[in-house]
Structures are given as C-alpha cells and as structure tokens.
Amino acid sequence: MRSTVTAWFGVALLFPGISLSQRIPLSLPDALGLARERAAAVVAATGRVEEARARLLPAARRFRENPVVELTGGRRQAGETYTDLEVAVSQGFEPAARRRARAAGAGAALEVAEAELADVRRVYLGEVSAAFQRTLAAQERLRLGAQAEKLAGGLLATAERRYQMGETTALELNRVRIAAARVRAERSAAEGERLAAGGGLRALLGMGPGEALAVAGSPRELPAFQLEPLLDRIAERPDLQALAAAVRQAEAEVRMGETLARPDFGLRTGYQREEGADVVSAGVAVSLPVFQRGQEEQSAGRARAAALRGQLEAARRSAAAEVRAAFEAYQSRVQAIEELERTALPAVDDNEALAQRSFEVGEINLGELLVIRQEILETRRSHLNLLLEARLAAAELETRAGVKP
C-alpha cells in the first residue's frame, strides 16, 4: 500500500496541474478488471455464447415436429344426400438416439462458444497487460528525464556562474548548454512516449476522452515462473479446449447421421363419418430409410472430426513449444537484469556522487562530468528498458500458457 501511495505522489509531482481527485491511478488488476467490463471483442463473444445456449434447449426437446390436424368434408348424393366428414390428428416421433445426438452436438457447440469467449478474453487481457507495462515504463522514463533535466539545469547554472567569474571557458559552457538542451529534448520525447503508450492503453480499456488515466506500480517487480507447472496448464488453454469441444461436436454429427439409418415413426388417429356411419381409426406410419441413410452426415462428420483431431494435436505441440520459447526468453531477460543490478547499478550510484564531489574540488572538469552523467543516464535507461522487456515477456508467457491474469 505504501509503495502504491509513493508511486502516486511521484505521478502527481510529474504532473503538477493534475490533482489527486482528477487522476486516479490504475493498478494492473484494476486495468484488467476494467478491460473485462468494456472489451468490445469480449462482449461480441459473449453474445455468441448466449446464442449457443439458446439452441441447447430446443435440441433436447422430445418432439421435433408439431402435430398435424387434417380436416376434410363434402356432400354427395347417391339416392340420398350425405355429408361426409373426416378429422385426423398425427404426430411424428424420432428415435431417442437421434435426440441424444442432437443434444450432444448442441452442448458441444455451447462448449466451443464458451471456450472461444475465454480465448478472446485470454488474448485481449494479454494485450492490456502489455499496454499497461509500456505505459508504466514510459511513466518511469519520464521520471528519469525529469531528474536528468533538474541536474542539467543545476549544472548549467553553475557553469554560467563560473564563466562569469572567469573560472571556465566558453567552450565548456557551450558543452553544458548543449547537454542541457539535449536532456530537455529527451524529456519532451519521453512525455510524447508516455502519451502514446497511455493512448494505446486507453483505447484497449474503452475509456472516453474525458477520463483521466494514470498507472500505479513498480516496473522493478518481476514475477517468478517454473516451466513444468506452465506446461501442465497448457491443456487448460481455451483455444485448445475449443478445438476439443469441436471434435466432440463433429462426433455428435456422426452419431446423428447414424440415427438417420433408423426408421422414423408416427401415430395417427382420426374420426370419419361416411354415409351416416361413424368410423374411428388409428394407425402407425413408419419411414423406410432406403435411399437416405445419413451417408452425407456421417462422412462429413468423420472427416471433420479427423481434421480437428489433427489440428488439436498440432496446436498442443505448438503451444508447448511457444511456452518453452517464451519461458527461455523471459529467463534470459531476468538474467540480464540481475547482471546489471549486481555489477553496474551499484557503481552507477557511487559514480554519481563521486563525480559531483570530484567536480566540486576540481579533480575533473565540466566535460568529464558531462560524460560521466551521460553514462549514468544511459545505464539507468538500459536498466529500465530491460525491465520493460522482461515484463512484456512475462505477459507473453502468461498468455501463451493460458494463465488467468
């Protein structure tokens, strides 16, 4: 909590025209929660789930056909005048196995839609996580730029005072002025980068133009991963679950085709009045599956199921390879950061203080101080860039492994 508050006050210092009430910093969980609510792609996929769910209940109905009522009548005269009337009611039935196959297909279709929704959310939240990390890094770069600008301004004031006192040359003063101008330009570029990164995150979150955006967090906090648990989670990846459900849907189509080789039947009952006589009748209608035996449905379903099984197996192998590659990429970046933090950054902190003290006592001149400060700034920027690359690699690894953010 303390680190979040500290980070927020750092943002407020960078943007003095913005009050705390105007700009609410978003943590990564906050941004992901907002994305779940506003994502247009997720909303569209949710609609497909509801559509598939609406088809589930009709597929399991016992009666697929409506009852048929037939009514005929007429008058005839054969010596006497008769009014003939016939009323019949019929209802068709289908085999129970066909109804079960249809329900299984509809259930599998619902599973496909739900898995596709989860996969859309997985990919989308991965994009939001990456955009958040870019915005956070851009915010940190702007902070470094503000610090460098402050130091450059102080050094310029010192150089101008020394020049007026005749303690330095015009050449050294110009070098300091050039360095200060370059630092100001780099800070302006960092501000543009922050605005661009924030705009990308704002678009992903579906935020309006009037909504303020700031992010909170530390780019130095890196997650730890183990390869084997990540590989074990691949089976839960939504895109693979969608393919598995599609295989079950194709298998249900095959079973549906097989039931078409079985006869349908129907019941019929009627009342007839002919030549003054009342006749009540009942009957059974049975279809003869001689020509249409579900051949097309079976062959198409088997071909589709075989293709989907191959696609699923290939997708599993590809997912495992992706996770391994993403894990290795992340680990290499973490190792680079550890090396920099172990050897370079402590020396950078020492050199900053030593260089300033050496300059004040006259051991080094302005040019040497400028070179040292530039090296310090470049090292810190390199560290921040490595942190960004590592956090982007972590987001990519979580997305590839199907880890729910």
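Residues numbered from 1 in each chain as written. Predicted model: local features only at pLDDT ≥ 70, side-chain atom pairs only at ≥ 80, totals over all residues. Heavy atoms only, no water.

Caption draft 1: Representation of the overall build of the protein. Across its full length, the protein holds 9 helices and 6 strands. The C-alpha radius of gyration computed for the protein amounts to 37 Å, which surpasses the reference 22 Å derived for 405 residues by more than 25%, pointing to a less compact arrangement than a globule. Projected onto its principal axes, the C-alpha coordinates of the protein cover approximately 145 × 45 × 35 Å. By sequence separation, contacts in the protein at least 24 residues apart represent 80% of the contacts at least 6 residues apart. Accessible surface for the protein amounts to roughly 22,700 Å². Of this, 55% is attributable to carbon and sulfur atoms. Each charge sign in the protein was given a centre, from 55 positive and 55 negative side chains, and these centres are 1 Å apart. (Helix = DSSP H or I, 4+ residues; strand = E, 2+ residues; numbered from the N terminus. Rg over C-alpha atoms; globule rule 2.2 N^0.38 Å. Contact = heavy atoms within 4.5 Å. Areas by Shrake-Rupley, 256 points an atom, 1.4 Å probe, with all protein chains shown as cover. Lys, Arg positive; Asp, Glu negative; His and termini not counted. Charge placed at Lys NZ, Arg CZ, Asp CG, Glu CD.)

Caption draft 2: Spatial organisation of the nonpolar core. Judged by nonpolar contacts, the single largest core of 31 residues is most densely connected at F225, L230, V323, Y330 and L397. Mapped by element, the contributors of at least two residues to this core are α6 (227-232), α7 (238-259), α8 (295-360) and α9 (366-401). Looking at this core element by element, the count peaks at 11 residues for α8. Other than its neighbours up to four places away in sequence, L230 contacts F225, V323, F327, L397, A401 and V403. With 17 residues, the next largest nonpolar core counts L156, L173, A355 and L377 among its residues. (Core = buried A, V, L, I, M, F, W, Y, C linked by side-chain atoms within 4.5 Å. Buried < 20%, exposed > 50% of the residue type's maximum accessible area, 1.4 Å probe, protein only.)

Caption draft 3: Summary view of a nonpolar patch on the surface. Judged by side-chain polarity, F265, L267, V284, V286, L288, V290 and F291 come together as a nonpolar surface patch covering roughly 780 Å² of accessible area. Within the residue set of the nonpolar patch, elements represented by two or more residues are β5 (265-274) and β6 (277-286). Relative to the helices and strands, F291 resides in the loop between β6 and α8. (Patch = residues over 30% accessible without salt bridge, like charges linked within 9 Å, V, L, I, M, F, W, Y side chains within 5 Å. Salt bridge = Lys/Arg side-chain N within 4 Å of Asp/Glu carboxyl O.)

Caption draft 4: Structural view of the packing of aromatic side chains. Evaluated as defined, the whole model comprises 2 aromatic pairs. Here the aromatic rings of F93 and F265 are separated by 5.3 Å at their centres, their planes lie at 15°, and the arrangement is stacked. Of this pair, F93 sits in strand β3 (residues 80-93) while F265 sits in strand β5; the two residues are 172 residues apart in sequence, bridging distant segments of the chain. Classification of F265 as partly exposed rests on a relative accessible area of 37%. (Phe/Tyr/Trp six-rings, centres within 6.5 Å; stacked < 30°, edge-to-face > 60°.)

Caption draft 5: Broad picture of the side chain of T259. Mapped onto the secondary structure, T259 falls in helix α7. T259 gets classed as buried once you look at its relative accessible area, which sits at 3%. Excluding residues that lie within four positions of it along the chain, T259 makes contacts with A97 and R98.

Caption draft 6: Region of the structure containing the pairing of β5. In the sheet, β3 pairs with β5 via 9 bridges, with the strands oriented antiparallel. By the bridge assignment, Q91 is partnered in β5 with L267. With 10 bridges connecting them, β5 and β6 associate as antiparallel partners. Residue pairing for β6: G266 is matched across the bridge by A285. (Pairing = 2+ DSSP bridges.)

Caption draft 7: Main features of α8. In this model α8 runs 93 Å from its N-terminal to its C-terminal C-alpha over 66 residues, within 8% of the 98 Å that 1.5 Å per residue would give. Roughly 40° is the biggest bend found in α8, and it falls at E341. (Expected span 1.5 Å × (residues − 1). Bend = angle between axes of the 7 residues up to and from the residue.)

Caption draft 8: Examining the pattern of salt bridges more closely. Within this structure, the stated rule accounts for 23 salt bridges. A salt bridge links E186 to R381; its shortest N-O distance comes to 2.6 Å. Of the two residues, E186 is situated in helix α5 (residues 170-205) and R381 in helix α9; the sequence distance between them amounts to 195 residues. Put simply, D119, R122, R237, D239, E322, E396 and R400 are held in one network by salt bridges that share partners.

Caption draft 9: Molecular detail of the packing of helix α4 (residues 96-164) against α8. Where α4 contacts α8, the two axes come as close as 13 Å, and the packing angle between them is 10°. One element, α4, and the other, α8, form an angle in the roughly parallel class. Judged by residue contacts, L151, L155, T158 and R162 of α4 engage E352, F359 and E360 from α8. (Axes fitted to C-alpha atoms, helices over the stretch in contact; angles between N-to-C directions. Parallel < 35°, antiparallel > 145°, perpendicular 65-115°, else oblique.)

Caption draft 10: Broad picture of the packing of α7 against α8. Between α7 and α8, whose axes approach to 8 Å, the crossing angle comes to 165°. For the element pair α7 / α8, the angle class is roughly antiparallel. Between α7 and α8 the crossing geometry is left-handed. Residues belonging to the contact of α7 with α8 are distributed by class as follows: 12 nonpolar, 5 polar and 8 charged. (Left-handed = near helix turned anticlockwise from the far one by under 90°. Nonpolar A, V, L, I, M, F, W, Y, C, P; charged D, E, K, R; others polar.)

Caption draft 11: Seen up close, α4. Taking 1.5 Å of rise per residue, the 69 residues of α4 would be expected to cover 102 Å, and the 101 Å separating its terminal C-alpha atoms lies within 8% of that figure. Phi turns positive one or two residues past the end of α4, at G166, with a value near 80°.

Caption draft 12: Local environment of the side chain of R141. Along the polypeptide, R141 turns up in helix α4. Residue classification places R141 among the buried positions, given a relative accessible area of 18%. There is a polar contact of 2.4 Å between the side chain of R141 and the side chain of E193. (Polar contact = N/O pair within 3.5 Å; in protein donor to acceptor, adjacent residues only side chain to side chain.)

Caption draft 13: Local environment of the environment of R99. Assignment of secondary structure puts R99 in helix α4. Along the backbone, R99 and F63 are 36 residues apart, and their C-alpha atoms lie at a distance of 9.1 Å.

Caption draft 14: Representation of the environment of P95. If you trace the backbone, P95 turns up in the loop between β3 and α4. Accessibility expressed as a relative area gives 14% for P95, which makes it buried. Taking the C-alpha atoms as reference, P95 lies 8.9 Å from L260; in sequence the two are 165 residues apart. Not counting residues within four places of it along the chain, the set of residues in contact with P95 comprises R262, P263 and D264.

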